[in-house]
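# Overview (structure and organization)
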Amino acid sequence: MLLLLAAHAVVAAVLPSVVRRWGSRAFLLAALPPAAVVVYVAVVLPRVLAGEPVIESLQWAPGLGLSLTMRLDALAAAAALLVGVVGTSVMVYSVGYFAGQRPGRTAAALLGFAGAMLGLVLADDLLALYVFWELTTIASFVLIGHSDEDEEARRSATQALLTTVATGLVMLLGFVLIGQRAGTYSISAILADPPTGPVITAAVVCVLVGAFAKSAQVPFQGWLPAAMIAPTPISAFLHGAAMVNAGVYLVARLAPGFAEDPAWRPLVLTVGVVTLLVGGWRALRQTDLKRLLAFSTVSQLGFLIVLLGEGSRTAALAGVALLLGHGIAKGALFLIAGAVEHETGTRELPDLSGLRRDTPALAVLAVLAAASLAGVPLLLGGVAKEAGLVAFEHGGLADIAVLVGLLAGSVLTVAYALRLLGGVFGGPPPGRAAAGGTPWALAGPVVPLAAGSLLGLAAPAVDALVAPYADQLPVAPGGDPTYHIKVWPGLTVALGLSLLVLVLGALLHLLRRPAAQLQRRIADALPHGLDVDRGYTWLLDGLQQVAMAVTARVQVGSPPVYLMVVALTVLALPGSALIVGAARGTVGPGDLQAWTSVPEAVLVGVVLAAAVALALVRQRLAVVLVLGLVGYGVAGLFVLRGALDLALTQLLVETLTLVAFVLVLRRLPAQRDDPHSTWRRAARVMVGCGLGVFVGALGLIAADSRGALPVSDRMIAMAEQEAGAKNVVNAILVDFRAMDTVGEISVLLVAITGVASLVLVTRRTVRPGGRPAEPESHTEQEVAP
């Protein structure tokens, strides 16, 4: 599994170069890693279904207990198969779709996304899952904003990024709370012994917020229809069958451990049913083929959230089966939409009627995929939705309410599926030129996805794939513990409800004109604030205005003010904590000795006197000299303590600083003007003294609070043995902490460059006659804090 992830990364890295040579044929190379995933899962699937998950681990940071652990169980196998099959079909489809183009960045990002999605479904660690989660977000951002010159594409990419990243951070908070309470971040270990309590309830809410946003649930659904600006292969893979399923997968993964949490079911069932209805209702209004499919995806993701989050065995059986059925059917429909647009140049339904005559093969594939999406019996979507209805038909009032919502959403699904088929392939041609037959490069990759809808005829095989996961969940009250997905379950209530849904959906399609008028009236009656796109725009504008207002008041352009804010913050937070700890007796310095020799006392007196003089001296040069005296006094203390290396370093730094200050200050007035009032100067002195006392006290307490052996002892022992050095300080600087030294040298180089610029660069103006003017004078300006 780790090799499969590495293969995705390596091939993605070389794809841009290959695309420059091969053009769109490079997508055939990109199809190999997803195809390898399908082969690998198929090989190990018997072992996985027998209850032996495949586990691989790579130590990431052993000292911190972090490792990259991949775990392939039944649920991960189903999700990996979906990613691999759809990914392979999309890559092959892209050969024809991008013919004549060289989309190197798109190819690399698309394959990189496939690898990130594979890592997400295989990860057995919450933190690793979050890393892959955000990698899919970044890849989606790159793919949606595929055109640097398309403003709409950039806006849609930004919307998707902000929505999923912001909620992803909320989800990360939930992961941290769960991991800390459980004592581990291993998902399998957490699910084996899930923690409980109010903190876990809050964590569950945080995790569900991230899952809802990723799977475009209400109220986060706005980013998905906006993402339809991306090329069709991207929409098919990311926004039809893979990325949007990440939130659904996360709900399914955590349901065995947290479905009994008091916040889980109310949130999952409410949000899922509302999203199912809102998405289906909005899909009926769309005339753009891809936006219709986008809102259809929103709606079906709500259905999946309900089934996989309900937390019972039968619902889980139906949920995983529907996850597979919806993924392959929606992937096929998106690819068909791309082929239609590629051949006709439009996605508008009023301009696309009658295509069954021009593209009969594509029409057959579309009917098969749309029928599975609508829940026609015997097809994969049909048998899965029947099982979903069974999961709620024996419950109480809450389950009945959910069942009614599922039936209403399914009616809308049938109606917009018929609208899609009728709008594209039904009716007479609208007077345009014939489209001609669809090229095999575009129609061929659709065949395995559309044919996957026929897996409903192999329901026992599907049941064998999803049952090991479903068996982890309890049987719902009144449910059948022996229930399995079947091709023909007999004359059951669920079958009758499915047929009723088909009839009502067809009737709604026939009444589409009155329904459209009703939709317009409802849309006009609703306040604009309920429009998700407008809400996103208002929220973004509001945040920008708040940011500008805060910046205008905080960023005043005065370094003294900034320094004062930092000092006060240090005193208010860690300073107050130090005072409280000292008052309680929990922290404090050990036995103290004022000095060990008279020279030390003399040097300390010199340093303190110089520090006091800094607040009183008015001459700039005198200020610099007194400041240097403080540094030289500290260097003297180092000498008395035997730290000659530190003393030499201190002397060199103080001398260099002193010279730099003198070179700069010679261009400023000799007298330091201080327009501040007396009380402000007094406030600065008090804050400075307080900060000095705090830092000194913290140093004393920290030195006396060591709970482990000092690392310096180990460095002294290793200096000659490991570094071949007799001077431990030199060994630390050039060996043990060499990168720190390089960083410090880089900082010094930057500082020296800045000083040299101030000293050597003289701005001059040119008079009309061409004679250089005198250098501009420099005056000091200070802003009062």
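See the structure above.
Here goes a summary of the coordinates provided. (Residues numbered from 1 in each chain as written. Predicted model: local features only at pLDDT ≥ 70, side-chain atom pairs only at ≥ 80, totals over all residues. Heavy atoms only, no water.)

With that settled, the discussion passes to unusual backbone geometry. The omega angle of the peptide bond from Val-218 to Pro-219 is 10 degrees, so this bond is cis rather than trans. Mapping Pro-219 onto the fold places it in the loop between helix H9 (198-214) and helix H10 (223-226). Of note in the backbone geometry, Leu-378 takes a positive phi value of approximately 80 degrees without being a glycine. One can find Leu-378 in the loop between helix H17 (360-374) and helix H18 (380-390). Look at Leu-378 and you get partly exposed, because its relative accessible area is 37%. (Helix = DSSP H or I, 4+ residues; strand = E, 2+ residues; numbered from the N terminus. Buried < 20%, exposed > 50% of the residue type's maximum accessible area, 1.4 Å probe, protein only.)

This brings us to a nonpolar patch on the surface. Judged by side-chain polarity, Leu-378, Leu-454, Leu-457, Trp-488 and Leu-491 come together as a nonpolar surface patch covering roughly 570 Å² of accessible area. Tracing the backbone shows Leu-491 in the loop between helix H22 (459-470) and helix H23 (493-510). Given the relative accessible area of 81%, Leu-491 is considered exposed. (Patch = residues over 30% accessible without salt bridge, like charges linked within 9 Å, V, L, I, M, F, W, Y side chains within 5 Å. Areas by Shrake-Rupley, 256 points an atom, 1.4 Å probe, with all protein chains shown as cover. Salt bridge = Lys/Arg side-chain N within 4 Å of Asp/Glu carboxyl O.)

What follows deals with the pattern of salt bridges. Inspection of the entire model under this criterion finds nine salt bridges. Of the charged contacts in the structure, one is a salt bridge between Glu-341 and Arg-347, with a shortest N-O distance of 3.6 Å. Taking the relative accessible area as the measure of exposure, Glu-341 reaches 22% and is therefore partly exposed. Each of Arg-71, Asp-73 and Arg-253 takes part in a single network of salt bridges with overlapping partners.

Let us now look at the packing of helix H1 (residues 2-22) against helix H5 (residues 104-122). For any two helices packed against each other, the geometry comes down to the angle between their axes and how far apart the axes lie. Following both chains from N to C, one finds H1 and H5 inclined at 175 degrees, their axes separated by 8 Å at the closest point. One way to sum up the angle between H1 and H5 is to call them roughly antiparallel. Touching Leu-4, Leu-5, His-8, Val-11, Ala-12, Leu-15, Pro-16 and Val-19 of H1 are Gly-104, Ala-107, Ala-108, Leu-111, Gly-112, Ala-114, Gly-115, Leu-118 and Gly-119, all from H5. (Axes fitted to C-alpha atoms, helices over the stretch in contact; angles between N-to-C directions. Parallel < 35°, antiparallel > 145°, perpendicular 65-115°, else oblique. Contact = heavy atoms within 4.5 Å.)

A few words on the packing of helix H6 (residues 126-144) against H9. Packing of H6 against H9 brings their axes to within 13 Å, and their N-to-C directions diverge by 30 degrees. Between H6 and H9, the crossing angle belongs to the class labelled roughly parallel. Judged by the twist between their axes, the crossing of H6 over H9 is left-handed. Two secondary-structure elements touch here, H6 through Trp-133, Thr-136 and Thr-137 and H9 through Gly-210, Ala-211 and Lys-214. Counted by class, the contact of H6 with H9 contains two nonpolar, three polar and one charged residues. (Left-handed = near helix turned anticlockwise from the far one by under 90°. Nonpolar A, V, L, I, M, F, W, Y, C, P; charged D, E, K, R; others polar.)

Moving on: helix H4 (residues 74-97). If you check H4, its first and last C-alpha atoms are 34 Å apart, about what 24 residues at 1.5 Å a residue would give, namely 34 Å. The element H4 is largely enclosed, with a buried count of 22 among its 24 residues. (Expected span 1.5 Å × (residues − 1).)

Across all of its chains, the model carries four aromatic pairs by this definition. Plain terms: the ring middles of Tyr-93 and Tyr-97 are 5.9 Å apart, the flat faces sit at 25 degrees to each other, and that makes the pair stacked. Remark: Tyr-97 and Tyr-93 occur in helix H4; sequence separation between them is four residues, near one turn of the helix. Each member of the pair, Tyr-93 together with Tyr-97, is buried. With 5.4 Å between their ring centres and 85 degrees between their planes, Phe-113 and Phe-237 make a pair best called edge-to-face. Within this pair, whereas Phe-113 is found in helix H5, its partner Phe-237 is found in helix H11 (residues 232-241), the two being separated by 124 residues in sequence. In terms of burial, Phe-113 and Phe-237 fall into one category: buried. Taken together, the ring pairs in this structure connect Phe-27, Tyr-93, Tyr-97 and Phe-98 into an aromatic cluster. (Phe/Tyr/Trp six-rings, centres within 6.5 Å; stacked < 30°, edge-to-face > 60°.)

We now examine empty space enclosed by the protein. With the rule as written, the count across this model stands at eight cavities of 30 Å³ or more. The volume enclosed by the largest cavity comes to roughly 80 Å³. For the largest cavity, the full set of lining residues is Phe-303, Ala-374, Gly-375, Lys-385, Leu-389, Ser-410, Ser-498, Val-501 and Leu-502. Going through the elements one at a time, H18 and H23 are the ones with two or more residues in the lining of the largest cavity. Broken down by class, the residue content of the lining of the largest cavity amounts to five nonpolar, three polar and one charged. Considering only enclosed or pocket space, the second largest cavity measures out at about 70 Å³ in volume. Along its surface, the second largest cavity is lined by Gln-221, Gly-222, Pro-225, Arg-282, Arg-291, Phe-295, Asp-531, Val-532 and Asp-533. Every element with two or more residues in the lining of the second largest cavity is listed here: helix H14 (289-309) and helix H25 (532-554). (1 Å grid on protein atoms, 1.4 Å probe; cavity = no way out; pocket = protein on both sides within 12 Å on 5 of 7 lines; lining within 4 Å. Points joined across faces, edges and corners; volume = space filled by probe spheres on them.)

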